[in-house]
Every structure is written in C-alpha cells, then in structure tokens.
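# Close look at the chain arrangement
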Amino acid sequence: MFGHDRKRKGAGATFAAFAVSAALVLTGCSGGGSGDGGEGGGEGGGDAAITFLPKNLGNPYFDTSNAGGAEAVEEFGGTFSEVGPTEASPTSQVSFIQTAAQQGVGALVVSANDPEAICDALNEARDAGVKVVTFDSDTNPECRDVFINQATAEGIATTQVELIAEQIGGEGQIAILSASANATNQNAWIELMEEELAANHPDIELVETVYGDDDDQTSFDRTAALLQTYPDLKGIISPTTVGIAAAARYLSTSEYQGQVALTGLGTPNQMREYIEDGTVTAFALWNPADLGYLAAYAAQALIAGDITGEEGDTFEAGRLGEYEVGEDGTVLLGDPFVFDADNIDEFDF
Ligand code: RAM
C-alpha cells in the first residue's frame, strides 16, 4: 500500500515541506530543556507547562521530535521541558512521570517503553489533573488521553517489507533487529511485518528477531551475532533508528557490506554515510520534528479544554493545520517516507 514507488512519486511537495520544517526546528527550539529534570526556557503559560518524556535520552530521533515539541510550545507561549531515563526499559519512565505529576505540569508527552508498565503512574498523574499525550509509542488506550501516531502501523510495516523484498530479490533469509522487547510501536510493526511476509512473500524466511534495546553498542553486538549465526542471511530489517545506524556501522566495515541488505527506519543524518558508501540503498521514516510539534499542540488543546480525546474532536496544530482525533483517541500525522541516494541530501535531521 505504501510502496517505494508511490512514495517517490509523491516526493516533490513532501520534500519541500519536510526540509523546511526540519530547518525551522533547528533554529526554533530555544525553549528546550536539557534532560536534567529541570524546566526549560519559555515564559508564562503556567497552565501550558508541557514535559516531554522520550523512551530514553541520547537518541537523535527524540532530540529532533522534542525540538519540534519545543518549537510548538514556544509558539503558543507555554513552558517546555524534557526529562527521561538513560535506558529504554519498561519501568524506567515511572519516576519521571511521578515527578512531573508532583510538579503539577499541564501535560506529559510520552513515548512508552511498554504498553502497561507505566499505566498506573500515568493514571495517577491524570487523576492529579495532568493531561497525557502518548506519541511515537503508545500505552494501552485507557492510560492516556490521546496518541499521536506517526503513520499507520500497516503502512510502516508494509514499507519495510517491500524495501527488503526489493533489496534481496524477493527470496532468502532475513532477520529483524528491533529496539526493546516490550516497545509498543516496534512490536506492532513486527507483528504486521510477519503477516505481510506470510501473505505476500512466501520465499522470504524470517529466521529471528533480536533486540538491541535502542542502545547503540547492544544493537551493534546483536548485528554481529546475527551474521555469525546465519551465514546465509540475505537481509536485516531494523525498525528503529538506533538499531539501523548501529547495524549499518557494523556492516560498513565488514565482509558483508553490499552482500547483506539492511533497511528499516532511520534518520537521514545518521544514515547518510551508509547510503553514500553503499552499505544501505533505502530506508524509511517520517518527520520526527512534525511528530513532536503535533503532540505539543494536542497537549495544549487538552489543557485548554478544546478537546478531550473523543473521536471527532478537532484542533489546530500551528503550521501543520487542523487535525481530527480518530478511533481510540488516535491522531495520525501522515505517511511514512522512503529515503535513498536520490533524495537524502535534501534532509537535515
Ligand atoms: C527509535 C525509537 C522510536 C522509533 C524510531 C523509529 O528512535 O525506537 O520509538 O519510532 O526508532
């Protein structure tokens, strides 16, 4: 459905919007916090104090999405801060949620490491009046007000399967290098990738899914182990920006460069050198800055009482325009996007 060709065809307009918004974010994130638990810059908007809580700190993907959030918060005159754990483990976000609730922030914007493990803490925060927006990786729907989804799970899954199928000629063994084992987003995509492989690619065998925990070194080591264990491996899908960058780094100096295909979800800045040296031919993602920007506007709309998260609620999201809340309190950002040697230089995030 979201095939490679289709994405390239629609590329013109999207390229321009994408590149411009990335540039805006780079210059417009002065309200950003530092991840030390303290409140960031920005003035006034006491009610619109919005805390971003990524899966973990130190991931350029979340640096970009949270810069998008800071840009939005600055636009509507709220207060932005960012806090987060160093490890993307199921319960590592709980203490940050509790602290934000004690501080009485207006809203938390969270990418969940586990659909269930942070639910009690989130619901306690909501009981204390904090609005909860999940983005990127959801919790169970009853633990948040709204989920900002980067693209449909089906679209993200199908895009990656189509890319690997194209890159290995439609047959052979592949493996998946994922993030943490409980990540809601990666697990949803993996399930759908398995279905897509079974339905439409009978000659591709998924031999194993391994977990690099969104940690660079762990992902690097898992890649090495996969290549040793499966000498006939033809390709790897890594549906995580941390994993794909680490796997590319491993492949780029190994005997497998150009022999074992690698695709998945990556940021252009992390993947550029591997596109240039031929380790990777194409990968996908969305615009993380827009994702954070939209999440911040949804948080503000909840705080202001403009929306409650009911299906059919609508709100304005600055330069992105109007959005509507869909089924299960989900708001959809857009389509996944494929990057390759022809377009990667147009992006800077
Ligand atoms: C990593 C994280 C994030 C995911 C991206 C694709 O940065 O796991 O949750 O959406 O990859």
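None of these values were measured; they are calculated from a predicted model.

### So, the state of the cysteines
- Counted according to the given criterion, the structure contains one disulfide.
- The side chain of Cys119 participates in a disulfide bridge whose partner is Cys143; the two sulfur atoms lie 2.0 Å from each other. Residues Cys119 and Cys143 are joined by a disulfide whose S-S torsion is about 85°; by sign, that bridge is right-handed. On the criterion of sequence distance, the pair formed by Cys119 in helix α5 (residues 119-127) and Cys143 in the loop between β4 (131-135) and β5 (146-149) is long-range, its members being 24 residues apart. Take Cys119 and Cys143: they sit in the same class, and that class is buried.

### Brief notes about a negative patch on the surface
- Side chains of Glu310, Glu311, Glu316, Glu322, Glu324, Glu327 and Asp328 sit close together on the surface and give a patch of like negative charge.
- Within the secondary structure layout, Glu327 lies in the loop between β12 (322-324) and β13 (330-332).

### Here we look at the packing of aromatic side chains
- Counted according to the given criterion, the structure contains 15 aromatic pairs.
- The interplanar angle of 45° and the centroid separation of 5.2 Å between the aromatic rings of Phe52 and Phe80 together place this pair among those described as tilted. Taken as a pair, Phe52 in strand β1 (residues 49-53) and Phe80 in strand β2 (residues 79-82) lie far apart in primary sequence, 28 residues in all.
- Judged by relative accessible area, which is 3%, Phe80 ranks as buried.
- Ring pairing ties together the aromatic residues Phe52, Tyr61, Phe62, Phe80, Phe135, Trp189 and Trp286, which thus form one cluster.
- Over the ring of Tyr293 we find Arg319; its NZ or CZ atom is 4.0 Å from the centre of that ring.

Definitions and cut-offs
- Residues numbered from 1 in each chain as written.
- Predicted model: local features only at pLDDT ≥ 70, side-chain atom pairs only at ≥ 80, totals over all residues.
- Heavy atoms only, no water.
- Disulfide = S-S within 2.5 Å.
- Helix = DSSP H or I, 4+ residues; strand = E, 2+ residues; numbered from the N terminus.
- Buried < 20%, exposed > 50% of the residue type's maximum accessible area, 1.4 Å probe, protein only.
- Patch = residues over 30% accessible without salt bridge, like charges linked within 9 Å, V, L, I, M, F, W, Y side chains within 5 Å.
- Areas by Shrake-Rupley, 256 points an atom, 1.4 Å probe, with all protein chains shown as cover.
- Salt bridge = Lys/Arg side-chain N within 4 Å of Asp/Glu carboxyl O.
- Lys, Arg positive; Asp, Glu negative; His and termini not counted.
- Charge placed at Lys NZ, Arg CZ, Asp CG, Glu CD.
- Phe/Tyr/Trp six-rings, centres within 6.5 Å; stacked < 30°, edge-to-face > 60°.
- Lys NZ or Arg CZ within 6 Å of the ring centre and 35° of its normal.

The values are spatial; any link to function lies outside them.
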